[in-house]
Amino acid sequence: MRLAVAALLLGLTMVVTGDEGDTDLCVYEALPDNDAVLCTGLKVSYPELGNLGCMVVPECNNYRQKITYWTEPIVKFPGALDGATYILLMVDPDAPSRSSPKARFWRHWLVTDIKGADMKKGKIQGQELSPYQPPSPPAQSGFHRYQFFVYLQEGKTISLLPKENKTRGSWKMDRFLSRFHLGEPEASTQFMTQNYQDTLNHQAPGGSSEPEAKPEPK
């Protein structure tokens, strides 16, 4: 007999499936309040997991390993304007670790010239300045935040400087936004995950107690 139980308790969504006496527990945990403030109007969906906005990637079913090789997620901005164009940006502010972010920001994805009608549908079609790079937090570096921002492009021609194209790490995101006079994002969200090999440590997300990591994210 199959058993499926869904419960919401203290920010946790727990799904239990399996045969009697052999259950597989999957816990979908919401981000801490101080990280949840970034989640406004954007949906980021991965295979099997659905919308990860404001969530911690669960450790069950090898999800923390799978997300390192899945292709780009479906990103939807329901509030996008049909006649507008947008910029999509994905970064890791916790490179190489949240406690010592010496390589902040790590640029994982940058797409410009996205039509508003496409953003509503989750079709990220435009000029890809930085191809999608999956989350790959280094071992023993704790939880990393993966942040998504959508900016109104307003007819600007967006580009990266030659030195910005040489590396994705230590990207001066604030200078990039200032250079093109990009204000507050129209929508944003984030999720957290850690290296799948660190799962047994059961370190709580959201804190700053992660040890320093020597290797840089891939």
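Bear in mind that the values here come from a model prediction, so they are computed numbers and not experimental data.

Rules behind the numbers
Residues numbered from 1 in each chain as written. Predicted model: local features only at pLDDT ≥ 70, side-chain atom pairs only at ≥ 80, totals over all residues. Heavy atoms only, no water. Helix = DSSP H or I, 4+ residues; strand = E, 2+ residues; numbered from the N terminus. Buried < 20%, exposed > 50% of the residue type's maximum accessible area, 1.4 Å probe, protein only. Contact = heavy atoms within 4.5 Å. Areas by Shrake-Rupley, 256 points an atom, 1.4 Å probe, with all protein chains shown as cover. Salt bridge = Lys/Arg side-chain N within 4 Å of Asp/Glu carboxyl O. Disulfide = S-S within 2.5 Å. Phe/Tyr/Trp six-rings, centres within 6.5 Å; stacked < 30°, edge-to-face > 60°. Lys NZ or Arg CZ within 6 Å of the ring centre and 35° of its normal. pLDDT = per-residue confidence, 0-100. Pairing = 2+ DSSP bridges. Polar contact = N/O pair within 3.5 Å; in protein donor to acceptor, adjacent residues only side chain to side chain. Core = buried A, V, L, I, M, F, W, Y, C linked by side-chain atoms within 4.5 Å.

1. What to know about the overall build of the chain
No. 1: The helix and strand inventory of the chain stands at 5 helices and 12 strands.
No. 2: Buried positions account for 47% of the 218 residues belonging to the chain.
No. 3: Considering only contacts in the chain between residues 6 or more positions apart, those separated by 24 or more positions represent 70%.
No. 4: Counting every atom, the chain has about 11200 Å² of accessible surface; 52% of that belongs to carbon and sulfur.

2. So, the pattern of salt bridges
No. 1: Taken as a whole and judged by the stated rule, the model has 7 salt bridges.
No. 2: Residue R145 pairs with D35 through a salt bridge whose shortest N-O separation is 3.8 Å. Placement of R145 in strand β11 (residues 144-152) and of D35 in helix α1 (residues 33-36) is noted, with a sequence separation of 110 residues between them. When sorted by exposure, R145 lands in the same class as D35, which is buried.

3. Here's the deal with the state of the cysteines
No. 1: Per the counting criterion, the structure on display carries 2 disulfides.
No. 2: C39 shares a disulfide with C54; S-S distance 2.2 Å. On the sign convention where negative means left-handed, the S-S torsion of about 100° between C39 and C54 marks this disulfide as right-handed. Of this pair, C39 sits in the loop between α1 and β4 (43-46) while C54 sits in the loop between β5 (50-51) and β6 (55-56); the two residues are 15 residues apart in sequence, bridging distant segments of the chain.
No. 3: Take C54: its relative accessible area is 14%, and that puts it in the buried class.
No. 4: Along the chain, the cysteines that take part in disulfide bonds pair up as 1-4, 2-3, counted in sequence order.

4. Re the packing of aromatic side chains
The description of two aromatic rings rests on the distance between their centres and on the angle between their planes.
No. 1: Summed over the entire model, instances satisfying the criterion amount to 10 aromatic pairs.
No. 2: Aromatic pair W171 and F176: ring centres 5.0 Å apart, planes at 50°, arrangement tilted. An identical accessibility class is assigned to W171 and F176; each is buried.
No. 3: For the ring pair F176 and F180, a centre distance of 5.4 Å and an interplane angle of 65° mean the geometry is edge-to-face.
No. 4: On the basis of relative accessibility, which here comes to 1%, the residue F176 falls in the buried class.
No. 5: Positioned over the ring face of F105 is R104, at 5.8 Å from the centre of the ring.

5. What about the confidence of the model for the chain?
No. 1: Confidence in the prediction of the chain, expressed as mean pLDDT, is 85, and 80% of residues score 70 or more.
No. 2: The low-confidence segment residues 1-23 (pLDDT under 50) makes 38 contacts with residues lying over four places distant or belonging to another chain.
No. 3: For residues 208-218, every residue scores under 50 in pLDDT, and the model assigns this stretch 39 contacts once sequence neighbours within four places are set aside.

6. Observations regarding the sheet that holds strand β7 (residues 74-76)
No. 1: The strand order across the open sheet built from 3 strands is β5-β4-β7, with neighbouring strands paired in antiparallel fashion. This sheet does not close on itself; its edge strands, each paired only once, are β5 and β7.
No. 2: Bridge count for β4 against β7 is 3 bridges, and the pairing is antiparallel. Looking at the pairing, S45 lines up with I74 of β7.

7. A word on the environment of R64
No. 1: Checked against the element boundaries, R64 lands in helix α2 (residues 63-66).
No. 2: For the pair R64 and N195, spaced 131 residues apart in sequence, the C-alpha to C-alpha distance is 6.7 Å.
No. 3: Reaching out from R64, the side chain makes a polar contact with the backbone oxygen of V57 at a distance of 2.7 Å.

8. Focus on the nonpolar core
No. 1: Y46 and F148 are the most contacted members of the largest nonpolar core, which totals 30 residues.
No. 2: Contributions of two or more residues to this core are made by β3 (22-30), β4, β8 (85-92), β9 (106-115), β11 and β12 (187-193).
No. 3: Sequence-distant contacts of F148, that is, excluding residues within four places in its chain, are made with L42, V44, Y46, P73, V75, L89, M90, W109, A187, S188, T189 and F191.
No. 4: Formed by 16 residues, the second largest nonpolar core is a distinct cluster that contains I87, L89, L129 and M173.

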